[in-house]
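Examination of the molecular architecture
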Amino acid sequence: MTTVKKLACGVDVGGTKILGGVVDHDGNIIENHRVESPAKSPEAIEAAIIEVVQELKTRHPIECVGIGAAGYIDKDRSTVMFAPNIAWRDVPLKERLEKVLELPVVIENDANAAAWGEFEYGAGAEVDNMMLVTVGTGVGGGLVLEGELYRGAFGVGAEIGHMRVVPNGHLCGCGNRGCWEQYASGSALVRNVRSAARGGSLLAREVLDRAEGDLDKIKGPLITEAARDGDAFAIEALTDLGIWLGEGIASIAAVLDPAVVAIGGGVADADDLLLGPARRAFEAQLTGRGHRPMLDIRKATLGNDAGLIGAADLARK
């Protein structure tokens, strides 16, 4: 007798879009459906999530739904306690969506969902302990320990970007100073390069020329492109970022000892221009180096689909 495997719908709730996808048991996305994110209205965003799922339901026998959303999700994966970009405060989102969709729904932090996607189907598929670090506007991530997604006692664990690395350092959006993401993110990369260009540094001239003299056009992809073309200043900027990244990973590894750290997010597209310095800094700073196995720092493989795929798979658990 052939067993029919469940199709799940994963939904990635972003600041500019809401993307849903039908995902099979092998992590393949059968079909996507996207709508623009309706500003910051919680009610409109919930309606858009419902629209995405119901549209996909018309063509696929979806049996469960996983939602990946930025914010603090309670341990039961049902209530959004706080979301930074949407006015969700203690919202019973699971209950609201299930009432309309008439399907089981799981709510998960978006970074946790992405980490699970990479663990099951991507860069960490062959290990039991891994960490995903996403390097984009900020630094996010998630942990899988002994084959289980780590959420912490209250569901809000693994906020690795807000590990404090510089006392009284740069002010972070979270309200604290010196958070890791203020030094190891794409925003930090852009801030440092723009600062040099604004100050008239001759070293930054090539990057500024590429931006046609407009500081606002200096963004991560432009810096990466300059580095790939051999610009020494852009290479140095990515190297500095990689060092911050590797040193932070060394601190986390001293506590959690993962086998694999997968690097995702937009800045990971710099490949070895970022990962090479990160690996070297990690090896130089790891506690007990030379007397313990070295974890593998590698690029994440699922790209922007990791959260959607992970959320869908978690809904099946």
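Reference entry: report on the structure contained in this document.

Parameters and conventions
Residues numbered from 1 in each chain as written. Predicted model: local features only at pLDDT ≥ 70, side-chain atom pairs only at ≥ 80, totals over all residues. Heavy atoms only, no water. Helix = DSSP H or I, 4+ residues; strand = E, 2+ residues; numbered from the N terminus. Rg over C-alpha atoms; globule rule 2.2 N^0.38 Å. Buried < 20%, exposed > 50% of the residue type's maximum accessible area, 1.4 Å probe, protein only. Lys, Arg positive; Asp, Glu negative; His and termini not counted. Charge placed at Lys NZ, Arg CZ, Asp CG, Glu CD. Axes fitted to C-alpha atoms, helices over the stretch in contact; angles between N-to-C directions. Left-handed = near helix turned anticlockwise from the far one by under 90°. Contact = heavy atoms within 4.5 Å. Nonpolar A, V, L, I, M, F, W, Y, C, P; charged D, E, K, R; others polar. Disulfide = S-S within 2.5 Å. Pairing = 2+ DSSP bridges. Core = buried A, V, L, I, M, F, W, Y, C linked by side-chain atoms within 4.5 Å.

**Some points on the overall build of the chain**
Summing up its helical and strand segments, the chain has 10 helices and 13 strands in all. Relative to a compact globule of 317 residues, whose C-alpha radius of gyration would be 20 Å, the chain shows 20 Å and is just as compact. For the chain, the spread of C-alpha atoms along the three principal axes comes to 65 × 50 × 35 Å. Counting over 317 residues, the chain shows a buried share of 50%. Computing the positive centroid from 32 side-chain charges and the negative centroid from 45, the chain places the two 3 Å apart.

**Notes on the packing of helix 7 (residues 220-228) against helix 8 (residues 232-256)**
Two numbers describe how helix 7 lies on helix 8: the axes approach to 7 Å, and their chain directions differ by 115°. Regarding helix 7 and helix 8, the two cross each other, and that crossing is left-handed. Between helix 7 and helix 8, the residues in contact are Ile223, Thr224, Ala226 and Ala227 and Ala234, Ile235 and Leu238, respectively. Residues that form the contact of helix 7 with helix 8 fall into these classes: six nonpolar, one polar and no charged.

**With respect to the state of the cysteines**
This structure, assessed with the given rule, holds zero disulfides. Considering cysteine sulfurs only, Cys174 is the nearest to Cys179, which forms no disulfide, with 3.7 Å between them.

**Here we look at the pairing of strand 9 (residues 130-135)**
For strand 9, a buried count of five out of six residues is recorded, marking the element as mostly surrounded by other parts of the structure. Examined bridge by bridge, strand 9 and strand 10 (residues 139-145) share six bridges and lie antiparallel to one another. Opposite Leu132, over in strand 10, you have Gly142 as the bridge partner. Connecting strand 9 to the next strand, strand 10, in antiparallel fashion are three residues.

**Considering the environment of Phe119**
Tracing the chain through its elements places Phe119 in helix 3 (residues 110-121). In this structure, the C-alpha to C-alpha distance between Phe119 and Glu225, residues 106 residues apart in sequence, is 30 Å. Each residue touching Phe119, except ones within four places of it in the same chain, is listed here: Gly124, Ala125, Val127, Asp128, Met130, Val144 and Gly147.

**A look at the nonpolar core**
Counting 45 residues, the largest nonpolar core has Val133, Trp180, Leu245, Ile249 and Ile263 as its most contacted members. Of all the elements in the fold, those that place two or more residues in this core are strand 9, strand 10, helix 5 (186-198), helix 7, helix 8, strand 12 (260-264) and helix 9 (272-285). With residues near it in sequence (within four places) discarded, Ile249 still touches Met131, Trp180, Val261, Ile263, Phe282 and Ile297. Formed by 30 residues, the second largest nonpolar core is a distinct cluster that contains Cys9, Val53, Ala83 and Val91.

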